[in-house]
Amino acid sequence: MQGMRKTLDKSLNLDQLRSFALVIETGSFSAAADRLGLSQPAVSLQIRQLERRLAVRLVERVGKRAQATPAGMELLRHAQNIETAVENAIDALADHASGVAGRVRLGTGATACLHFLPAVLRGLRERFPELGVVVSTGNTEDQARKVEENSLELALVTLPAAGRSLAVMPVLDDEFVAIGRHDLAPLKARVSPRDLAGLPLVLFEPAANTRRLVDRWFAAEGLQPRPVMELGSVEAMKEMVAAGLGYAIVPGMAMTGRGAHPELKASRLNPRMHRALAIVVRRDKPVSKALRVVLDAIVAAGKPGRH
């Protein structure tokens, strides 16, 4: 066994690895060949060569379906990491080309994605047409975890964000407002927890960082809100209020620019309540040119008077 390990060819052909993964995914050599634009014999040859190189059998037939052997399953567990490592290497090499190119994976919340990031992303595309920014949305906890796992380069999240390996860069403060319909007992220009406590409220779902802020705002006055609805989408909350189903507390950025709703009136809160948005990245993350320009653009957009 030791002699075999010493003489085993440890190189991997990425085309063969991709063909193997597709054969297992589709359960068929012919289906994998169609996806790859190759002939079935060519795919079969790639798998045989990969098995010969690794000195193990990777594929077996169960009925009419091709399935991974135990050794094949072990290889599949590493295949995604191998593909990610190759993508990261290609992205890193883009720094050595002229200009800024490559891909940056950015996570954020739905509200920031709708009302803060579009102008930032438009500016980046105009300045760096070879730069790709892939955006995904989710809650703070999930996005911070993905940054720690390195499946995202950075995330724009609502603080607090937990993670010992994370560096946090404040971007902006977003003040909350109360909203109600213009024509249904419109709210005063400034409203307190007691003004809202007796009204039907449409609030964030309990797991959201923003809901915790709202609950603390009420609790400071010894009150506990009793919502008639709990939703995960600010835009859905706005539509429910516009339908006359209650009142809501939402981030101020959701009611500015294109987010302004013709049927809704926004009132400031007394005392003021705001959320802090910040960028989180891994402390040990190499900052490529592509990542640097995205970071700088988001921070610049968050400066007073820029949003």
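Please refer to the structure higher up on the page.
Criteria and cut-off values
Residues numbered from 1 in each chain as written. Predicted model: local features only at pLDDT ≥ 70, side-chain atom pairs only at ≥ 80, totals over all residues. Heavy atoms only, no water. Pairing = 2+ DSSP bridges. Helix = DSSP H or I, 4+ residues; strand = E, 2+ residues; numbered from the N terminus. Expected span 1.5 Å × (residues − 1). Buried < 20%, exposed > 50% of the residue type's maximum accessible area, 1.4 Å probe, protein only. Contact = heavy atoms within 4.5 Å. Phe/Tyr/Trp six-rings, centres within 6.5 Å; stacked < 30°, edge-to-face > 60°. Axes fitted to C-alpha atoms, helices over the stretch in contact; angles between N-to-C directions. Parallel < 35°, antiparallel > 145°, perpendicular 65-115°, else oblique. Left-handed = near helix turned anticlockwise from the far one by under 90°. Nonpolar A, V, L, I, M, F, W, Y, C, P; charged D, E, K, R; others polar. Core = buried A, V, L, I, M, F, W, Y, C linked by side-chain atoms within 4.5 Å. Arc of directions from axis to C-beta.

A look at the pairing of strand β11 (residues 264-269)
Bridge count for strand β6 (residues 166-181) against β11 is five bridges, and the pairing is antiparallel. Residue pairing in the sheet places Val 177 in a bridge with Arg 268 of β11. The pairing of strand β7 (residues 190-191) with β11 spans two bridges and is classified as parallel. From the neighbouring strand, Val 191 faces β11, where its bridge partner is Leu 269.

Brief notes about helix α12 (residues 289-301)
Here α12 contains 13 residues, and its C-alpha end-to-end distance of 18 Å stays within 8% of the 18 Å for a straight helix at 1.5 Å per residue. Among the residues of α12, those classed as buried are Ala 290, Leu 291, Val 293, Val 294, Leu 295, Ala 297, Ile 298 and Ala 301. Among the structural elements, β3 (102-108), α7 (117-127), β4 (131-137), β5 (154-158), β6 and β12 (274-282) are those in contact with the buried residues of α12.

Examining the packing of aromatic side chains
A ring pair, where both rings are aromatic, is described by two values, the distance of the centres and the angle of the planes. Scanning all chains against the criterion turns up one aromatic pair. Aromatic side chains Trp 217 and Phe 218 sit 5.1 Å apart centroid to centroid with 80° between the ring planes, which places their arrangement in the edge-to-face category. Look at Trp 217 and you get buried, because its relative accessible area is 6%. On the accessibility criterion, Phe 218 (0% relative accessible area) is buried.

Thoughts on the packing of helix α2 (residues 14-26) against helix α3 (residues 29-36)
Two elements in contact, α2 and α3, have axes separated by 8 Å at closest approach and are oriented at 125°. With respect to their mutual orientation, α2 and α3 come out oblique. When you trace α2 past α3, the crossing you get is right-handed. The segment α2 lies against α3, with Arg 18, Ser 19, Leu 22, Val 23, Glu 25 and Thr 26 engaging Phe 29, Ala 31, Ala 32, Arg 35 and Leu 36. Residues belonging to the contact of α2 with α3 are distributed by class as follows: six nonpolar, two polar and three charged.

Section: the environment of Asn 13
On the secondary structure map, Asn 13 appears in the loop between α1 (2-7) and α2. Residues Asn 13 and Gln 46, spaced 33 residues apart in sequence, show a C-alpha to C-alpha distance of 9.2 Å.

Regarding unusual backbone geometry
Going from Leu 159 to Pro 160, the amide bond is cis rather than trans, its omega being 5°. With respect to the helices, strands and loops of the structure, Pro 160 is situated in the loop between β5 and β6. Note that the residue after Asn 270, namely Pro 271, is joined by a cis bond; omega there is 5°. Within the secondary structure, Pro 271 is located in the loop between β11 and β12. The backbone phi angle of Ala 55 is positive, close to 60°, even though this residue is not glycine. Following the sequence through the fold, Ala 55 ends up in the loop between α4 (40-54) and β1 (59-62).

Examining the packing of α7 against α12
Packing of α7 against α12 leaves a shortest axis separation of 10 Å and a crossing angle of 135°. By the angle between their axes, α7 is oblique relative to α12. For the pair α7 and α12, the crossing hand works out as right-handed. Each of Leu 117, Val 120 and Leu 124 in α7 lies in contact with α12, whose residues at this interface are Val 293, Val 294, Ala 297, Ile 298 and Ala 301. Of the residues that constitute the contact of α7 with α12, the class distribution is eight nonpolar, no polar and no charged.

Thoughts on the nonpolar core
If you look at the biggest cluster of nonpolar residues, it comprises 31 residues, and the most contacted ones within it are Ile 179, Leu 196, Phe 218, Ile 249, Val 250, Leu 269 and Met 273. Broken down by secondary-structure element, the contributors of at least two residues to this core are β6, β8 (201-204), α10 (209-219), α11 (234-242), β10 (247-251) and β11. In terms of nonpolar packing, the next biggest core, distinct from the first, is built from 25 residues, Leu 117, Leu 124, Leu 277 and Ala 290 among them.

Some words on the pairing of β12
Of the strand pairs in this sheet, β5 and β12 are connected by four bridges, and their pairing is antiparallel. Across the sheet, Thr 158 pairs through a bridge with Leu 277, a residue of β12. Two strands pair when backbone bridges link them, and β6 and β12 are joined in this way by nine bridges, in the antiparallel orientation. Directly across from Leu 166, in β12, lies its bridge partner Arg 282.

Digging into α7
The α-helix winds at 3.6 residues per turn, so residues separated by three or four positions along the chain end up facing the same way. Listing the buried residues of α7 in full gives Leu 117, Val 120 and Leu 124. Down the axis of α7, the smallest arc covering the buried residues is 65°, so these residues share one side. In α7, the exposed positions that point more than 90 degrees away from the buried face belong to Arg 122, Arg 125 and Glu 126. Packed against the buried residues of α7 are β3, α6 (110-115), β4, β5 and α12.

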